[in-house]
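One letter stands for each residue in the lines below.
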Amino acid sequence: MPAAFSDPIWRKPKTVPAFQSELSSGGALDAIIVGGGIMGLSTALHAARAGLSVQVLEAGAMGQGASGLNGGQVIPGLKYDPEWLIGHFGKERGEALVDFAASTANAVFDLIRNEQLAVPFTRNGWIQAAHTETALKAAANRDRQWQACGADVSLLSQSEIAAMTGAKGYLGGWLDRRAGVIDPLSYTLELARVAAGSGAKIAERQKVVKLAKEAGLWRVSTQGGTELRAKSVVLATNAYTDGLLPGLARTIVPLHSFQIATAPLPAELAASILPGGQAVSDSRRILVYYRKSADGRLVLGGRGRMALPSSASDWAHLERALLRLYPALAGIAIEKRWFGRVAMTPDHLPHLHEPEKGLLAVVGCQGRGVGLMSALGKRMASYLASGDARQLPFPLSPIRPIPFHAFRQIGVAATITWYRMLDAFER
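Structure report, in brief.

Cut-offs applied
- Residues numbered from 1 in each chain as written.
- Predicted model: local features only at pLDDT ≥ 70, side-chain atom pairs only at ≥ 80, totals over all residues.
- Heavy atoms only, no water.
- Pairing = 2+ DSSP bridges.
- Helix = DSSP H or I, 4+ residues; strand = E, 2+ residues; numbered from the N terminus.
- Contact = heavy atoms within 4.5 Å.
- Axes fitted to C-alpha atoms, helices over the stretch in contact; angles between N-to-C directions.
- Phe/Tyr/Trp six-rings, centres within 6.5 Å; stacked < 30°, edge-to-face > 60°.
- Buried < 20%, exposed > 50% of the residue type's maximum accessible area, 1.4 Å probe, protein only.
- Lys NZ or Arg CZ within 6 Å of the ring centre and 35° of its normal.
- Polar contact = N/O pair within 3.5 Å; in protein donor to acceptor, adjacent residues only side chain to side chain.
- Parallel < 35°, antiparallel > 145°, perpendicular 65-115°, else oblique.
- Left-handed = near helix turned anticlockwise from the far one by under 90°.
- Nonpolar A, V, L, I, M, F, W, Y, C, P; charged D, E, K, R; others polar.
- Core = buried A, V, L, I, M, F, W, Y, C linked by side-chain atoms within 4.5 Å.

## Things to note about the sheet that holds strand β3 (residues 73-74)
So, point 1. Across the sheet, three strands lie side by side as β3-β8-β4; this open sheet has antiparallel pairing. Bordering the open sheet on either side are β3 and β4 (121-122), each of which pairs with just one other strand.
So, point 2. Taken together, the two bridges between β3 and strand β8 (residues 180-182) define a ladder with antiparallel strand orientation. Bridging across to β8, Q73 finds its partner in V181.
So, point 3. Sitting on the sheet, helix α4 (residues 91-115) touches β3, β4 and β8, and the angle it makes with β8 is about 50°.

See the structure below:
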């Protein structure tokens, strides 16, 4: 890891030593899950509890990917509001999808509470902060739709958002009280622990390099020479998807999300910055998101360069955003800088695929991954156990590679630069 950046601030819980990396031995399994992030582990936990034999194969170390590196915001819903979802998917599936989207934060906080997971969290809501009149109108429309669904949400005036965030420059916003924040590394590792405790086998540093179907079973081969067989395989690699399943990697655009964390804030500053512990995302085209950590730091993230970072200057845009929002933090040190990889789909929806019977893939978190993948994993486990596609909130769709995929990232990089200029102009 280059000296320019550091490990994230998130902590491994003391329960981690109880987790053992192990491979299944013996006959065919019910399911092999490739990828040990939140999606893979949630699927493994619920599948094991449904009585299935399950093996998770993680290419790196647990929590090393986006599941352990993200900002820890647990936001219900999708990028789209209820009326759009019903119009796009039809009344029956659309309404079911709205109900599912409304429940995703509950999937996380209920699990933490019911399983007594060692995960620092605060559940006081998420604020979508509006910096223009157009964004404020969009917030009012979103509020109207979710209010009609009975959600615990409300609009915020300019004075209310100033008091709740302590930040400069917002005209108002929207508060979703269903949301909250967690330590994402603790959550990922605790998911691994309870999944293993429920009977799932979990192995780190087992990169899968080949899939083949023989006599109705999937044969899964790892780089180290291990071979396992299963009735079903779930690819839960998201932004780290490679060529294992032809065409899948070309259905997503992997992007980098960069984050910074201040030193723990002095008491007088901490009292005026996010005093209620909410998470915040703003309304800019290239948004920033931020929250306070359990140890009192301000953590802020946003889109980073497409190439791997090479120096601390690659995080300078986040430091400028921090001081724009909170000028009083000018003298507070930035102690941590890190980044992770996220996946974007062209329609900003998660995609579920089953190109062959028993071979499943899930890609696309769209900034809602903690809650979305926790809830989706439970539904995927139900599908593995029952074979009933109605258990899945999203329809199974064909793998459709993005045209001219090799040029897509160049286009995205140019778009990010252009959007940053527009955001600066609006300021």
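## What about the packing of aromatic side chains?
So, point 1. Following the criterion strictly, the structure yields eight aromatic pairs and no others.
So, point 2. When the ring of F109 is compared with that of F121, the centres are 5.7 Å apart and the planes differ by 50°; the resulting orientation is tilted. Of this pair, F109 sits in helix α4 while F121 sits in strand β4, placing them 12 residues apart in sequence.
So, point 3. Overall, the relative accessible area of 44% leaves F121 in the partly exposed class.
So, point 4. Put simply, the rings of F258, W315 and F339 pair up and form one aromatic cluster.
So, point 5. Across from the ring centre of W146, 4.5 Å away, lies the NZ or CZ of R178, which sits over that ring.

## Section: the side chain of T241
So, point 1. Locating T241 in the fold gives a position in the loop between β12 (227-235) and β13 (253-262).
So, point 2. A distance of 2.9 Å separates polar atoms of two side chains, one belonging to T241 and the other to T237.
So, point 3. The contacts of T241, once residues within four sequence positions are left out, are L248, A249, I252 and V363.

## Some points on the pairing of β13
So, point 1. Most of β13 sits inside the fold, with 10 of its 10 residues counted as buried.
So, point 2. Across 10 bridges, β13 lies against strand β17 (residues 334-344) in antiparallel orientation. Residue pairing for β17: T262 is matched across the bridge by I334.

## A look at the packing of helix α1 (residues 38-49) against helix α7 (residues 184-197)
So, point 1. Their axes nearest at 9 Å, the elements α1 and α7 cross at an angle of 25°. Between α1 and α7, the angle falls in the class roughly parallel. As for the relative orientation of α1 and α7, their crossing is left-handed in sense. Here I38, L41, S42 and L45 of α1 come into contact with α7, specifically with Y187, T188, L191, A192, V194 and A195.
So, point 2. Its residues assigned to classes, the contact of α1 with α7 comprises eight nonpolar, two polar and no charged.

## Comments concerning the nonpolar core
So, point 1. Counting residues in hydrophobic clusters, the biggest one holds 72 residues, and the most contacted among them are I112, I182, Y187, M373, L376, M380 and F394.
So, point 2. In this structure, L376 is in contact with M39, F100, L352, V362, P393 and F394, ignoring residues within four places of it in sequence.
So, point 3. By size, the runner-up hydrophobic cluster in this structure holds 30 residues, among which are F258, I260, Y290 and L300.

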